[in-house]
Number of protein chains: 2
Amino acid sequence: MYFDPVEAMDRAALEELQVERLKKTIDNARNSPFYSEQLAGFDTADIKTASDIAKLPFTTKDDLRNQYPHGLLTRSLDEFVRLHASSGTTGTPVAVFYTQQDLNTWADLMARCMYACGCRESDTMQNMSGYGLFTGGLGIHYGSERLGMLTIPAGAGNTKRQIKLIRDHNVSVLHIIPSFALYFAQKVQEAGYEIEDMPWRIALIGAEPHTEEARAKIEEMMHIKAYNSYGLSEMNGPGVAFECLQQNGMHVWEDAYIAEIINPKTGEHVAEGEIGELVMTTLTREGMPIIRYRTRDLTRFIPGDCACGRTHRRIDRIAGRADDMMILKGVNIYPMQIEQCLMSMPEVGQNYLIELVREGVSDQMKVKVEVKDEFFVEDMRALQGLQKKIAKNLCSEILLTPHVELCQSDSIPKAEGKAVRVIDRRNEE
Amino acid sequence: MYFDPVEAMDRAALEELQVERLKKTIDNARNSPFYSEQLAGFDTADIKTASDIAKLPFTTKDDLRNQYPHGLLTRSLDEFVRLHASSGTTGTPVAVFYTQQDLNTWADLMARCMYACGCRESDTMQNMSGYGLFTGGLGIHYGSERLGMLTIPAGAGNTKRQIKLIRDHNVSVLHIIPSFALYFAQKVQEAGYEIEDMPWRIALIGAEPHTEEARAKIEEMMHIKAYNSYGLSEMNGPGVAFECLQQNGMHVWEDAYIAEIINPKTGEHVAEGEIGELVMTTLTREGMPIIRYRTRDLTRFIPGDCACGRTHRRIDRIAGRADDMMILKGVNIYPMQIEQCLMSMPEVGQNYLIELVREGVSDQMKVKVEVKDEFFVEDMRALQGLQKKIAKNLCSEILLTPHVELCQSDSIPKAEGKAVRVIDRRNEE
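Per chain, residue numbering runs from 1 following the sequence as it is written. Each chain is given a letter, starting from A, and each ligand a number, starting from 1, according to the order in which they appear as written. In keeping with the model being predicted, local features are shown solely for residues with a pLDDT of at least 70 and side-chain atom pairs are shown and tallied solely at 80 or more, while totals for entire chains, interfaces and linings include all residues. Note that the side-chain values use all heavy atoms of the structure and ignore hydrogens as well as water.

Turning our eyes to something else, we now look at the overall build of chain A. Put simply, DSSP marks the helices as runs of H or I at least four residues long and the strands as runs of E at least two long, and each gets a number from the N terminus on. A tally of helices and strands in chain A yields 10 helices and 20 strands. This radius of gyration counts C-alpha atoms alone. The globule rule is 2.2 Å times how many residues there are, raised to the power 0.38. Relative to a compact globule of 429 residues, whose C-alpha radius of gyration would be 22 Å, chain A shows 23 Å and is just as compact. If one aligns the C-alpha atoms of chain A with their principal axes, the spans along those axes are about 70 × 60 × 45 Å. We call a residue buried when its accessible area falls under 20% of the maximum for its residue type, exposed when it is over 50%, and partly exposed in between, using a 1.4 Å probe and counting protein chains only. Among the 429 residues that make up chain A, the fraction classed as buried is 55%. Here, two residues are considered to be in contact whenever any of their heavy atoms come within 4.5 Å of each other. Taking as baseline every contact in chain A between residues at least 6 positions apart, the subset at least 24 positions apart corresponds to 65%. All accessible areas in this document rest on Shrake-Rupley with a 1.4 Å probe, and a residue is counted as covered only by the protein chains that are shown. Of the accessible surface of chain A, which amounts to about 18,500 Å², a share of 47% is contributed by carbon and sulfur atoms.

Next up, the structure:
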C-alpha cells in the first residue's frame, strides 16, 4: 500500500523518468540568471542516463548566498506564493521561493512520507514544532492536511496545553523535535498520566540530528514508534527522504530528486554503501530548481532492497557534516562512523573520545572508550580481548587500526552542550 | 474590480442565495448531535425569507463548551483536516473543526478580503502574527497564498529580522497586530531607516479591538493604509468581514454568513443602524455549521450603500462586548458609543471617565472629559459652551443627557493595562 504508485516503480522506469525530468529541469533552470550562466556551455542532449548528472557543475550554499535573493528564480516574482528564508543572523541569508505548484508538489511528497510510516486519513496529527520561516512547521502541516489527517497546529511550547489537546482529541501522530520528546514524556508523567494511556502511536522526528540510541530511548519512554525524516529548506524542507515501517533508512523520493553521494574533497562519487556528502538535484520544482546541491550532510546509500517494496533508494541517518571529515594517512574518516561502530557493541558505555596525534612522521588515532561497569572486570585477559575486538571492528569500518584505550564509565568529562568527540593534536608543538 | 463577482451581487438575488443556503445549512446541521436536538421541532420549510432566521434558536459560547469537542460536527472525524481550539486555560475550551472544503472556502473568503483593500497577486505579504492554534495566523496565510501574493511566514517577534525581510523582499503588505504596529514603526526608525523608504503600502490590522484614532496613528506613523478586519474562530477565524478601500465599515460576506444585530437583553433585532450584539450564521461551512451564534461583540450595520460597489452590508468597528452594556433609565448604552461621540470632537483630549450614580430614586450618568490644552482656556463662557455641546452630542447618541464635567488633560488617572472607562456606583452605600 503506497500513497503514490510511483513509490514502487520499477527501477529502470524510474531512472527513465529521472532522465526525462532532469533534462526538463536543466532547460527550466536556464531561465534563471544563475544557471543561464552556469549551464551556458552545457548541452542538455548530453544527458542520456541518470549518471550523466555527474557532468553538471555543483551548486553550493555560497552560490545561493551570492545569488540572494532572486538569482535562481526561473520566472517572475508574481508567480511565487511562498518564501522561506534562513535566519541570516550570520552573513547573507538563503531564500527559497515556491510557486503554488511547488507547494502542491511539496505537500504531496510530505503526505507520501507520513503515509509510508503508517499515518492514515483517520489519524489525528499534532504539530508540536514551531511554524513561521522554519520549513519544518508548515511543511509537515500542509502534508498532514493533504494526507487527510485531522491536523492540530499546536506549535511549540506550552506543554500543559499540548497534553490536554492530545488527550481531548485522541492524537495518534506527533510531530516532535527529538530533543523535546524525552522532556515531554517526563512532563506527561509529572502531570499524573500513564504513558501507556496516551493515545499516540507514531512520532515523526527530524529537524535535528539524533542517534539511533536517541530514537530507541524515545520509543521506549514514550511507548511510540518514531520515524526519522530528512529534508532541508534548499530542497523544499522536510519531505525529501523518510523512513518506512521497516525503520531501516530513509527512502529518498527519486521521482522528485536525484541523490548522489560524493567524496567531499574530490567531488567524485563514492563506492555504493560508502559514506560521503549528499548532493541533491530537484526534478519537480518549477520556480527555483537547484542542480547538484552540496548539502554538506554526510550519509551513505543503504545497499539492497527494502522489505516494504518501495524501490526508491534509502539513505542512512545523517552521519555529521562534511566539514567534520578527518583525513588520516590519506583515508577519509567521519566521527559518526566511529560512533556507530562503537555504539553497536554491547560492552561499550555512553562516551568516547577520538584523539589524532603525530608520532614522528606518522599520524595516529587514539580512541578512548568507556566500558559498561559489568564488562569492566578485573580480568586482564578479558579486557585485552575487548580492546582488540574494538580495534578490529573499528578497522573494518575505517580501514586503519586505531590505538584503543578502555576506561570506566563516566571517566571521560562530559561537555556542556554539543559533545566534543574529536581532538586533533597533530599540529600541536 | 472584485475578487469574486458575488461581492457586487444584486441584493434580492443575494437574499435568495442566503435563503437557499440557510435551508441547506439547517438540514446539514441536523446531522450533528447538538442541532438534531436543538432543531427537532423546526420545519426547514418555515424559512421563506432571510429574516425568517429569527425563528431559529440562538447558539451560545456555553453551547459550544458543553458540546466540546464533537457535538456540532455533521460528519465523521475522518473527514476533517484541521482543528483550532481556544486556549481553554479558563474552563472548557471551544474547538472548531474544518473539512478540506471548509479550508478552501475560508481561504477564498480571506483572499476576497485582502483583494478588497487593494492587495494583488504582485504584492508581497509579510505575516507578522503568530501561527499555531490562533486562527489569525494560518487564516491570513492561506488567504494570501490563495490570492497569489508572495507570502512570507515571518511569525511574531524578532523585529530586526522582520525589518530585514521587509527591505530585502520589497514587502508591500503587512499583517500586523495594531498594538505592535506603533512599536514596530519606532524600531524601524531606531534601526536607522526612514519610514518613507520602507516598501510597505497596506497594513492588515485586526485580531485586537482598536479605535479609529489608533488606526489614524498607525497610518500616520507608518506611512501606510491600514484596513480593519473582523473574524472569530467560531466563524472560521478572520475573513468574516473586512474593510474595502473606502475604510468606512467592514463588509460582511453575506453569501457565506447571515449577520444579525440584536438587543442582547431581549434577543430582538435592533432598528437599522442601532448598536447591538452581532449574531452570525454560517452558510457555507459543511463540517461544523453554526446557527445564530451570539458573538457577544457589539456593532451596528452602517446604513446606506458603499461607494466601492459591493452590496454586502457593512458593520462598524466593534464597539465592545455585549457584557459591557449599561442600562440607564431603561435605555441600553454602550461605553463605545460615548467614546466614539467624544473622540469625534476636536476639543476633546485623550481620556474620559463614565460614572453611574444613584441620586434619590433616579440614576444619573456623569461623564468626566479631558479637554485639550488649547481649548481649556480661562474663559468661563467658552467652557460652558463646550460643556453644553458635549452634553448635547452625547444626548443625540445615547438618548439621555449626562452630566458633563470638563477637566485638564492628564488629570484622569491612566490605568495600567486595560483602561477603566465605566464606574458603576449605583449600588454603593
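Further notes follow.
The next point concerns the sheet that holds strand β17 (residues 348–359) of chain B. Residue and element names in this part refer to chain B. Within the open sheet, the 4 strands sit side by side as β19-β18-β17-β20. Their pairing is mixed. The open sheet is flanked by β19 (403–408) and β20 (422–424), the only strands paired with a single partner. Direction aside, the axes of adjacent strands within the sheet are offset by 20° on average. Strands pair, by our definition, only if DSSP identifies at least two bridges between them. Direction of pairing for β17 relative to strand β18 (residues 362–371): antiparallel, over a ladder of 9 bridges. Across the sheet, residue L353 finds its bridge partner in β18, namely K368. For helices, the fitted axis covers only the stretch in contact; all axes are lines through C-alpha atoms, and the angles between them, taken along N-to-C directions, range from 0 to 180 degrees.

Another aspect to go through is the packing of helix α4 (residues 100–116) of chain A against helix α5 (residues 135–147) of chain A. Residue and element names in this part refer to chain A. Relative orientation of the contacting elements α4 and α5 amounts to 75°, with a least axis distance of 7 Å. By the angle between their axes, α4 is roughly perpendicular relative to α5. Only T135, G139, I140, Y142, G143, S144, R146 and L147 of α5 make contact with α4, whose side of the interface consists of N104, W106, A107, D108, M110, A111, M114 and Y115. Three categories are distinguished: nonpolar for Ala, Val, Leu, Ile, Met, Phe, Trp, Tyr, Cys and Pro, charged for Asp, Glu, Lys and Arg, and polar for the others, with Gly belonging to the last. Residue classes in the contact of α4 with α5 are distributed as 9 nonpolar, 5 polar and 2 charged. Roughly parallel means an angle under 35 degrees; roughly antiparallel, over 145; roughly perpendicular, 65 to 115; everything else is oblique.

What follows is about the domain arrangement of chain A. Accessible area lost upon the coming together of the parts is a frequently used measure of interface size. Residue and element names in this part refer to chain A. The domain limits used here are those given by an automatic or database domain assignment. Annotation of chain A at the domain level lists domain 1 (1–322) and domain 2 (326–424). One C-alpha centre belongs to domain 1, the other to domain 2, and the line joining them spans 32 Å. Tallying the contact residues gives 12 residues for domain 1 and 8 residues for domain 2. Buried area is understood as the total, over both parts, of accessible area removed when two parts are fitted together, assessed with a 1.4 Å probe. Buried area between domain 1 and domain 2, summed over both chains or domains, comes out near 790 Å², and the portion from carbon and sulfur atoms is 59%. Area buried by domain 1 at its contact with domain 2 is led by E213, I275 and A319, which between them contribute 44% of it. Just to be clear on terms, a salt bridge is a Lys or Arg side-chain nitrogen sitting within 4 Å of an Asp or Glu carboxyl oxygen. The tally of links between domain 1 and domain 2 comes to 0 salt bridges.

It is worth spelling out the sheet that holds strand β12 (residues 293–299) of chain A at this point. All names here are of chain A. The strand order across the open sheet formed by 3 strands is β10-β11-β12, and the pairing between neighbours is antiparallel. The strands lining the two open edges of the sheet, one partner per strand, are β10 (257–262) and β12. Each strand of the sheet is rotated relative to its neighbour by a mean of 30°, with strand direction disregarded. With 6 bridges joining them, β10 and strand β11 (residues 276–282) adopt antiparallel strand pairing. Each bridged residue has a counterpart across the sheet, and for Y257 the counterpart in β11 is T282.

Residue and element names in this part refer to chain A. One less than the residue count of a helix, multiplied by 1.5 Å, gives the span that helix is expected to have. Here helix α10 (residues 380–398) contains 19 residues, and its C-alpha end-to-end distance of 27 Å stays within 8% of the 27 Å for a straight helix at 1.5 Å per residue. Three or more residues of α10 are buried, namely L383, L386, I390, A391, L394 and I398. Buried positions in α10, seen along its axis, are confined to an arc of 130° and lie on one side of it. Exposed side chains of α10 directed beyond 90 degrees from the buried face belong to R381, K388, K392 and S396. Between a side-chain oxygen at the N-terminus of α10 and the backbone nitrogen of R381 the separation is 3.1 Å; the capping residue is D379. A positive phi of about 70° marks L399, the residue just after α10. The arc refers to the directions leading from the helix axis to the C-beta atoms. Here a polar contact is recorded for every N or O atom pair within 3.5 Å, except that within protein the pair must consist of a potential hydrogen donor and a potential acceptor, and residues adjacent in sequence are included only if both atoms are side-chain atoms.

The next point concerns the relation of the copies chain B and chain A. Mapping one chain copy onto the other needs a rotation about an axis and a shift along that axis. Superposing chain B onto chain A takes a rotation of 180° plus a shift of 0.1 Å along the axis, which leaves an RMSD of 0.1 Å. The two molecules are tied by a two-fold rotation axis, judged by turn and shift. Within chain B, B:Y131 has its C-alpha nearest the rotation axis, a separation of 3.1 Å. Taken as a fraction of all interface residues of chain B, those also at the interface in chain A reach 100%, which identifies the copy contact as same-surface. In superposing the copies, a least-squares fit is computed on C-alpha atoms, taking residues whose pLDDT is at least 70 in both.

Moving on, we get to unusual backbone geometry. A cis geometry characterises the amide bond from A:Y68 onward to A:P69, with omega recorded as -5°. The phi dihedral of A:N158 is positive, around 55°, even though this residue is not glycine. The residue A:N158 is located in the loop between β4 (150–152) and α6 (159–168) in this model. Not every positive phi belongs to a glycine, and B:R296 is a case in point at roughly 70°. Within the fold, B:R296 resides in strand β12 (residues 293–299).

Residues and elements named next belong to chain B. Among the structural elements, D363 can be located in strand β18. Since its relative accessible area comes to 13%, D363 is described here as buried. Among the polar contacts listed, one links the side chain of D363 to the side chain of R358, at a separation of 2.9 Å. Filtering out sequence-adjacent residues up to four positions away, D363 remains in contact with L328, K329, V357, R358 and R426.

All names here are of chain B. Taken as a whole, this structure holds 64 salt bridges over all chains when the rule is applied. As a salt-bridge pair, R11 and E254 come within 2.6 Å of each other at their nearest N and O atoms. Note that R11 is positioned in helix α1 (residues 11–29) and E254 in the loop between β9 (250–252) and β10 (257–262), a separation of 243 residues in sequence. For R11, a relative accessible area of 26% corresponds to the partly exposed category.

Moving on: the interface of chain B and chain A. With 38 residues of chain B at the interface, the matching set in chain A holds 38 residues. Of the roughly 3,100 Å² buried between chain B and chain A on both sides combined, carbon and sulfur atoms contribute 61%. Broken down residue by residue, the surface that chain B buries against chain A is led by B:L133, B:E145 and B:L150, which jointly contribute 19%. On the surface where chain B and chain A come into contact, there are 2 salt bridges. Its salt-bridge partner being B:E145, residue A:R82 comes within 2.4 Å of it at the nearest N-O pair. Elements with a minimum of two residues in the side of chain B that touches chain A: β1 (80–85), β2 (95–99), α4 (100–116), α5 (135–147), β4 (150–152) and α6 (159–168) of chain B.

On to the nonpolar core, then. Take the buried residues of types Ala, Val, Leu, Ile, Met, Phe, Trp, Tyr and Cys, join any two whose side-chain atoms come within 4.5 Å, and each joined set is a nonpolar core. A:F184 and A:W200 are the most contacted members of the largest nonpolar core, which totals 94 residues. No other element matches the 8 residues that α4(B) contributes to this core. Dropping the residues within four chain positions of it, A:F184 is found in contact with A:M128, A:T159, A:Q162, A:I163, A:I166, A:I176, A:W200 and A:M222. One finds A:F42, A:I140, A:L204 and A:A256 within the second-largest nonpolar core, a separate group that totals 91 residues.

It is worth spelling out α5(A) at this point. All names here are of chain A. Here α5 contains 13 residues, and its C-alpha end-to-end distance of 18 Å stays within 8% of the 18 Å for a straight helix at 1.5 Å per residue. The buried fraction of α5 amounts to 12 of the 13 residues, a majority that puts the element mostly inside the structure. All buried positions along α5 are accounted for by T135, G136, G137, L138, G139, I140, H141, Y142, G143, S144, E145 and L147.

With that settled, consider the environment of B:L204. Residue and element names in this part refer to chain B. The residue L204 is located in strand β6 (residues 202–205) in this model. For the pair L204 and C117, spaced 87 residues apart in sequence, the C-alpha to C-alpha distance is 8.7 Å. Every residue in contact with L204, bar those within four places of it in the chain, is listed here: M114, C117, C119, I140, V173, L174, H175, I176, Y227 and F242.

What follows covers the pairing of β11(A). All names here are of chain A. Burial analysis of β11 places 7 of its 7 residues in the buried class, which makes it a mostly covered element. One ladder, built from 4 bridges, connects β11 with β12; its direction is antiparallel. Among the inter-strand pairings, M280 is bridged to a residue of β12, identified as Y293.

Close contact between α5(A) and α5(B) brings their axes to 14 Å; oriented N to C, the two are set at 75°. With respect to α5(B), the axis of α5(A) lies roughly perpendicular. Each of A:L138, A:H141, A:Y142 and A:E145 in α5(A) lies in contact with α5(B), whose residues at this interface are B:L138, B:H141, B:Y142 and B:E145. For the contact of α5(A) with α5(B), the residue count by class is 4 nonpolar, 2 polar and 2 charged.

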